[in-house]
Amino acid sequence: MPASISPYIPTRFPRFSFSRRRVERARSPRVSKARAFPRLRRLGLLGIVVLAGAREAEGQAGARRAEITTEALGAMPSPGVPESHLPLITGIDYEPVPEGAIKLPAPDLLGWHHAPFEHVVSSRRSCREFAAGPSGQVHLYELAQLCWATQGITAPEEPADEIGHAAAARRAVASGGRLYPLTLYVAVRGDGVGGVSRGAYEYLPRSHALRKVEASTCSLRGERGAGDEEAEPSASASPLPEDEDEDVDVHARLVASTTPQTKSTPAQTWADGSPLLLVLVGDPRKTTRHGGLYETFGETLVTLEAGMAAASAQLQATALGLGATPIGAFDARASSEALFGATAHTPGEPKLMLAVGVPSGSFRERVGHVRWEDERTA
């Protein structure tokens, strides 16, 4: 899985974040691009390359962003702008999307649409009140970005080394031994995410896609890191309780599995208003069977990695104008049955959940998403 690397890219550069009004003006034939995008003139060739790359991608999974070359950077005004000589990944080649899976928009790897990192950190807040209706719907590219920041690929596969790291592609969050025992699942409520029907989905990092959880995916096969065993589902496995159909509301059942914060509620019912839940499922066996210190600390490492992945998801949600709140108090067995049904063959045990959505009364609710080039993918 090769990645495009550009050797010289400034650490700080203008971002393309436009208000709705400016976007609509830009679309009007009466308004010139120079007036609609005053920064574009100042950016010169760099602006043209990036904007053209965004248009070419059109939110398709695996699409490579236009490489920002040193020649393009030479056309960019640089007074007062520090430059970095660190190689930065500008694109990832994904594997083909499995049949029946949902192709996700390519992640924004350079932060063109996001606030600076320090602002994101200082703005992070837990959110328990989510916007309802169309303004509360999460865009497909936002879900794609969340999945990528939580368990996405960030570098091509590397061979095993003498330290004990397994052969695997690197992901957005560190993992002991490069073993990646976590699998990310997404539970969508109703029409909470544009272009995705309600239900539970597994995130496939290598193809940057979502695959609906069904009998065929309730096994140890999939994209869960290095050295995975392939095993057939148990003959008695049932993806869902017998009295429910395939379109069961997994989101509601996951919320029902949470432990209430007060005796007056049956569960953490505030999460019912979130359009989606991110569920981190961990399999300590993938770490412990690697031997050595990983066998000794496998359980601890999986719990630690789930926390790091949740933190990355929270920061990405904040950068998108969304709100994300971790939920650690829940019945693991009930939440596992909500995801996989009554099957003895699961990819692990739920370790952590995050309720994600558009914060009520927020700028994101009033203005909407900012990646206007991806509107057609909703």
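Up top is the structure.
In this numbering scheme, every chain counts its residues from 1 along its sequence in written order. The model is predicted, so local features are restricted to residues of pLDDT at least 70 and side-chain atom pairs to those at 80 or more, both for listing and for counting; the totals for chains, interfaces and linings are taken over all residues. Excluded from the side-chain calculation are hydrogens and water; included are all heavy atoms of the structure.

Time to look at the overall build of the protein. Secondary structure elements are taken from DSSP: a helix is a run of H or I of four residues or more, a strand is a run of E of two residues or more, and numbering for both begins at the N terminus. Each helix and strand counted, the protein has 12 helices and 13 strands in total. For the protein, the residues scored as buried account for 50% of the 378 residues in total. Contacts between residues were defined by any pair of non-hydrogen atoms, one from each residue, lying within 4.5 Å. Within the protein, contacts between residues at least 6 apart in sequence are counted, and of these 73% link residues at least 24 apart. For the area figures, the Shrake-Rupley method with a 1.4 Å probe applies, and any residue is considered shielded solely by the protein chains shown. Of the accessible surface of the protein, which amounts to about 17400 Å², a share of 53% is contributed by carbon and sulfur atoms. With a 1.4 Å probe rolled over the protein chains alone, any residue whose accessible area is under 20% of its type maximum counts as buried; one over 50% counts as exposed, and the rest are partly exposed.

The next subject is the packing of aromatic side chains. Centre distance within 6.5 Å is the pairing criterion for rings of Phe, Tyr and Trp, where only the six-membered ring of Trp is used; planes under 30 degrees apart are then read as stacked, over 60 as edge-to-face, and the remainder as tilted. In total, this model carries 1 aromatic pair according to the counting rule given. Note on Tyr185 and Phe340: the rings are 5.1 Å apart at their centroids and 85° apart in plane angle, and the pair reads as edge-to-face. Of this pair, Tyr185 sits in strand β8 (residues 182-188) while Phe340 is found in helix α11 (residues 332-340), placing the two residues 155 residues apart along the sequence. A residue is classified by how much of its surface remains accessible, and Tyr185, at 1% relative accessible area, is buried. Judged by relative accessible area, which is 0%, Phe340 ranks as buried.

To continue, consider the side chain of Thr258. Structurally, the position occupied by Thr258 is in the loop between α8 (250-256) and β11 (276-282). Look at Thr258 and you get buried, because its relative accessible area is 5%. Definition of a polar contact: a pair of N or O atoms within 3.5 Å, with one able to donate and the other able to accept a hydrogen when the atoms are protein atoms, and with sequence-neighbouring residues admitted only if both atoms are side-chain atoms. Among the polar contacts listed, one links the side chain of Thr258 to the backbone nitrogen of Gln268, at a separation of 2.9 Å. Beyond its immediate chain neighbours, meaning those up to four positions away, Thr258 contacts Pro266, Ala267, Gln268, Ile327, Ala329, Phe330 and Met353.

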